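Examining the three-dimensional arrangement
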Amino acid sequence: MELNKMLEYISNVIKNMPQDWLNLTTHRLDIYNEELAKVQFLDQFEVLAKAHNANAAALENLPTAYDYIRLGHPLSCILEWAIGNINHLASEQVISFQSETMPILSILRTNLFKQSNTLIAYTGEFPSALDVEVLRAVYGYTFEIKQVDSASTLAAFDGSVIFVSEQDEIAAVDINPNIDFYINLHGDLGSVLLVNGEQNTSYISDIQHVRRRETVAMTPANCLVALQSLIHQTKNDTKKENSAENKAAVLDVIREVSGANTLPLVASSGLSIQYAIMMGLVHHALEDHKGKAIKIVVPPNCYGGTNDQARRVAACSDAIEIVDLPVDGDNDMVKSIDKVLNKLAKEDAIPFIIAEIPTNPRVEVPELNKLREALSAKRKTASGGEAIDPVFILDQTFCPNVHFLGDTDILSSVRTISFASGSKFPSGGNCTAGYCIANKKAEALIEKIELHLSLCDNEATDLQYEILAKQMPSMNERIHKAYENTHEFVEFISEVLPDAKINFVSDELASEGFTPSVFSLDLPTKGDTAEEREAYKREMNHRLINLMITEIPNESKYCVSYGQLHGCYWTIPATSTQGTTKEDDKDYIARVSLSPDLDLEQHKKVFKQFVDSM
């Protein structure tokens, strides 16, 4: 498309775009094909662009680009499409990041497995966050660094050439066939990676996987600024007023809601903070326990992003190994932890345990006193020495209001780091930022975690801090109201469909503070064989969800969500949050999440329609 016509079209799109493109963190699954993420959206967007159709209704009817904005979103797709057009590249060859350093790390990771050389060439200053020695010693990456005057001076190299430069504007780059990857740094806006040459397109899926699991796409707000600067050819500016005050306020409220008086860290997403935790702990282990095996203990059916990221960290080092921790169904978390820790003690290994409380998707809470005993028990190595005590990495996304970390709280005697996805209750679904905080016993680990958060340039943006500062003070109140709605809906379902199996916290656990607003629903099924019964159950799941979202379109959504300000959210964990989980560990049951603000009576009415139709 001719440049001026493209810019004019984008200008009209920005004027008429759905506000959900800018404000939502999770998007609809009923109009989403995960295998065609970005592609399906842009194929249909290009049809509109060729017809110069920027009508609001046409834009509204485009398919979901990505189901969660950490992975990408409509505005990142359009920005990448526009930059691709300017540089005569396919949109797949343009990938935007909120981080300025993660694009570099994504290429280094791929070349680690390819055992390929990498040259990082740069103009001006080398990115200050990139600690070269840490990248080599902790991440295991090998590379050369070279300062150059311009891209045109780079000669052929036996391996991959990454050219890094700071850019005030979104503009065409000077394509040099000797450069494999261009990384344009745009300050607080983020960065844009361009994949140059057919021989490098095999890197694209790996780069996208890093953006999916260890960082985030350039945020919708920053993509909008980038598109506006492209249209008007102006410098990028994302600076927010009161950013220091907002950050201080967020750190204070995290201390308050967690009960820990230590330094919280806030990242661009829950997985961004989890990655900083993992790499910080690996770094600490390599320094303090040289030569010992690092074991990441993780439930095989936990949240797919957690599961996948942990395995990706382990894949990069022979010193790191994954150990499965069965926690759901017939398995008891405490017994599993005790068994695993006894085994790892004999091996004199370093145990890092990741667990969700309550578990996902079956919403189970272990007996906490026994959990503390299992985690804090003194164990011996095979040679009779003292075993290394575990670090418990607690995902509190589903119960961020429960105090585990204070000096008198249940896990005060265990090295514990709590983290949560801020796209849930902390922000009410208004941003993806995630945070972590340690108890006193684990406080010494935070320094390394902060180092890796900075190295990966994954700290929360000014806007994310602003949103959290606004929403977090009301979090506990919203959690309580959402729980009340969920409890009432669960009671209603139990009455009208008594044969359904519902996984929800007991009243006893609720009285202890575990008040999640999510439950899993295992519908009654029929059939002569296990295969027939499973197929029927899956069919009924989809029939139920389709009825709810059709009859209550303004409130009931088919998407992965929790802790939102409004509405009700339905999904099947095996096809969404458990997307990277092994097939045998998948759980094809409906997961339902209610907010503090919805028409509960209407939801009951429509659910009764479903029951009557069974």
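For every chain, the first residue of the written sequence is number 1, and numbering continues from 1 along that sequence. Only residues with pLDDT of at least 70 are given local features in this predicted model, and only at 80 or more are side-chain atom pairs given and counted; all residues enter the totals for whole chains, interfaces and linings. Hydrogens and water molecules were not included; the side-chain quantities draw on all heavy atoms of the structure.

**Re the overall build of the protein**
What counts, and what does not: Here a strand is any run of E in DSSP of at least two residues, a helix any run of H or I of at least four, and the numbering for each starts at the N terminus. For a compact globule the rule gives 2.2 Å times the number of residues to the power 0.38, and the radius of gyration it is set against comes from C-alpha atoms. For every residue, the accessible area (1.4 Å probe, protein chains only) is compared with the maximum for its type, and the residue is labelled buried under 20%, exposed over 50%, or partly exposed between those bounds. We call two residues in contact when some of their heavy atoms are within 4.5 Å. Only the protein chains shown count as cover for residues, and the accessible areas themselves come from Shrake-Rupley with a 1.4 Å probe. In this count, Lys and Arg are taken as positive residues and Asp and Glu as negative ones, while His and the chain termini are left out. Note on charges: their place is set at NZ of Lys, CZ of Arg, CG of Asp or CD of Glu.
Broken down by element type, the protein carries 20 helices and 18 strands. For a compact globule of 614 residues, the expected C-alpha radius of gyration is about 25 Å, and the protein comes in at 24 Å, within 12% of that figure. Expressed as a percentage of the 614 residues in the protein, the buried residues total 60%. The contacts of the protein with a sequence gap of at least 6 include a subset with a gap of at least 24, amounting to 74%. Carbon and sulfur atoms make up 45% of the accessible area of the protein, which totals about 24400 Å². Positive and negative side-chain charges in the protein, numbering 54 and 86 respectively, have mean positions lying 4 Å apart.

**Side note on the sheet that holds strand β11 (residues 391-395)**
Let me state the cut-off plainly: Here a strand pair is declared whenever DSSP counts at least two bridges between the two strands. Between N-to-C directions, angles span 0 to 180 degrees; the directions come from axes that are lines fitted to C-alpha atoms, helices contributing only their stretch in contact.
Strand order in the open sheet formed by 7 strands is β7-β13-β12-β11-β10-β8-β9, with mixed pairing between adjacent strands. Unpaired on one side and paired on the other, β7 (265-267) and β9 (320-324) mark the two borders of the sheet. Direction aside, the axes of adjacent strands within the sheet are offset by 20 degrees on average. When strand β10 (residues 350-356) meets β11, the two strands line up parallel, connected through 5 bridges. Counted as the bridge partner of I353 is F392 from β11. Sheet contacts for helix α12 (residues 304-315): β8 (294-298), β9, β10 and β11; angle to β9, the most-contacted strand, approximately 145 degrees.

**So, the pattern of salt bridges**
Cut-off, in case you're wondering: Salt bridge criterion: a side-chain nitrogen from Lys or Arg within 4 Å of a carboxyl oxygen from Asp or Glu.
Counted under the stated rule, the structure contains 23 salt bridges. The salt bridge involving E534 is made with R538; its shortest N-O contact spans 3.0 Å. Linking E534 with R538, this pair stays in helix α19 (residues 530-551), spanning 4 residues, or about one helical turn. For E534, a relative accessible area of 26% corresponds to the partly exposed category. Where E539 meets R543, a salt bridge forms, and the shortest distance between an N and an O atom there is 2.9 Å. Of this pair, E539 and R543 both sit in helix α19, 4 residues apart, which is roughly one turn of that helix. Taking relative accessible area as the criterion, R543 reaches 34% and is therefore assigned partly exposed. Several salt bridges converge on common partners, so that one network encompasses K295, E321, K343 and E347.

**With respect to the packing of helix α11 (residues 270-288) against helix α15 (residues 446-455)**
Working note: a packed helix pair is described by the angle between its axes plus the distance between those axes. The cut-off we apply is this: Angular relationships are summarised with four words: roughly parallel below 35 degrees, roughly antiparallel beyond 145, roughly perpendicular across 65 to 115, and oblique for the angles in between. Take the far helix as the reference: if the near one is turned anticlockwise from it by less than a right angle, the crossing is left-handed, and if turned clockwise, right-handed.
Here α11 crosses α15 at 125 degrees, and the two axes come no closer than 7 Å. The angle between α11 and α15 falls in the class oblique. The two elements α11 and α15 meet at a crossing, and its hand is right-handed. Across the interface between the two elements, I273, A276, I277, M279, G280, H283, H284 and E287 of α11 pack against K448, I449, L451, H452 and L453 of α15.

**Brief notes about the packing of aromatic side chains**
Test applied: Ring geometry is summarised as follows: Phe, Tyr and Trp rings, the Trp one being its six-membered ring, pair when their centres sit within 6.5 Å, and such pairs are stacked at plane angles under 30 degrees, edge-to-face over 60 and tilted between the two.
This structure, assessed with the given rule, holds 16 aromatic pairs. Relative to F45, the ring of F41 has its centre 6.0 Å away and its plane inclined at 15 degrees; by these criteria the two rings are stacked. Of this pair, F41 and F45 both sit in helix α3 (residues 39-50), 4 residues apart, which is roughly one turn of that helix. Ring geometry for Y122 against F126: centres 5.1 Å apart, planes inclined by 65 degrees, an arrangement best described as edge-to-face.

**A short note on a negative patch on the surface**
This is how it is decided: Exposure above 30% relative accessible area and no salt bridge define the residues that can form patches, which grow by joining like charges within 9 Å and nonpolar side chains of Val, Leu, Ile, Met, Phe, Trp and Tyr within 5 Å.
A contiguous patch of negative charge, built from E125, E166, D168 and E169, is present on the exposed surface. By secondary structure assignment, the location of E125 is in the loop between β2 (118-122) and α7 (132-137).

**Remarks on the nonpolar core**
Here is the rule: In this text, buried Ala, Val, Leu, Ile, Met, Phe, Trp, Tyr and Cys residues form a nonpolar core when linked through side-chain atoms within 4.5 Å.
In terms of nonpolar packing, the biggest core is built from 147 residues, with V266, I337, F392, F404, F489 and F607 touching the most fellow members. Element by element, the count of residues in this core is highest for helix α17 (residues 475-496), at 9 residues. In this structure, I337 is in contact with L325, I353, L371, A374, L375 and F392, ignoring residues within four places of it in sequence. In this structure, F126, V164, V313 and I393 belong to the second largest nonpolar core, which totals 66 residues.

**A word on the sheet that holds strand β15 (residues 518-522)**
Here 5 strands make up an open sheet; going across it, the order is β14-β15-β18-β17-β16 and the pairing mixed. Edge strands, defined here as strands with exactly one partner in the open sheet, are β14 (501-503) and β16 (556-558). On average, adjacent strands in this sheet sit at an angle of 25 degrees to one another, irrespective of strand direction.

**Here we look at the packing of helix α13 (residues 333-346) against helix α14 (residues 368-376)**
It is at 9 Å that the axes of α13 and α14 come closest, and there the two elements cross at 5 degrees. Between α13 and α14, the angle is such that the two are roughly parallel. Here M333, V334, I337, D338 and L341 of α13 lie close against α14, whose contacting residues are K370, L371, A374 and L375.

**Points about the pairing of β8**
Formally: By convention, a crossover is right-handed whenever its connection, traced from the first strand over the helix to the second and viewed with the strands pointing away, goes clockwise.
When you tally the buried positions in β8, you get 5 out of 5 residues, the bulk of the element. In terms of strand pairing, β8 meets β10 through 4 bridges, oriented parallel. Bridging across to β10, I294 finds its partner in I350. As paired elements, β8 and β9 share 5 bridges and run parallel to each other. Across the sheet, the residue bridging to I296 is I322, located in β9. Once the chain exits β8 it traverses α12 before rejoining the sheet at β9, and the crossover so formed is right-handed.

**Digging into helix α5 (residues 74-86)**
The condition is simple: For a helix, the expected span equals 1.5 Å multiplied by the residue count minus one.
A rise of 1.5 Å per residue sets the reference length of α5, with its 13 residues, at 18 Å; its end C-alpha atoms lie 19 Å apart and thus fit the reference within 8%. With 12 of its 13 residues buried, α5 lies for the most part within the structure. Those residues of α5 lying buried are P74, L75, S76, C77, I78, L79, E80, W81, A82, I83, G84 and I86.

**Description of the confidence of the model for the protein**
So the rule is basically this: The score called pLDDT rates the predictor's confidence residue by residue, from a low of 0 to a high of 100.
Mean pLDDT over the protein works out to 93, with 96% of the residues at or above the 70 mark. Between residues 574-579, whose pLDDT stays under 50, and residues either more than four places distant or in other chains, the model counts 26 contacts.

**Considerations on the environment of I393**
Within the fold, I393 resides in strand β11. Relative accessible area serves as the criterion here: at 0%, I393 is assigned to the buried category. Sequence separation between I393 and S418 is 25 residues, and the spatial gap between their C-alpha atoms is 5.9 Å. Among all residues touching I393, those that are not within four sequence positions of it are I277, M278, L281, F352, I353, I354, A355, I417 and F419.

**Looking at helix α1 (residues 3-16)**
Here α1 is 14 residues long and its end C-alpha atoms lie 20 Å apart, about the 20 Å a rise of 1.5 Å per residue gives. Residues M6, L7, Y9, I10, S11, V13 and I14 constitute the buried set of α1. Looking at the buried positions of α1, the neighbouring elements they touch are α2 (20-23), α3, α4 (56-60), α5 and α9 (220-232).

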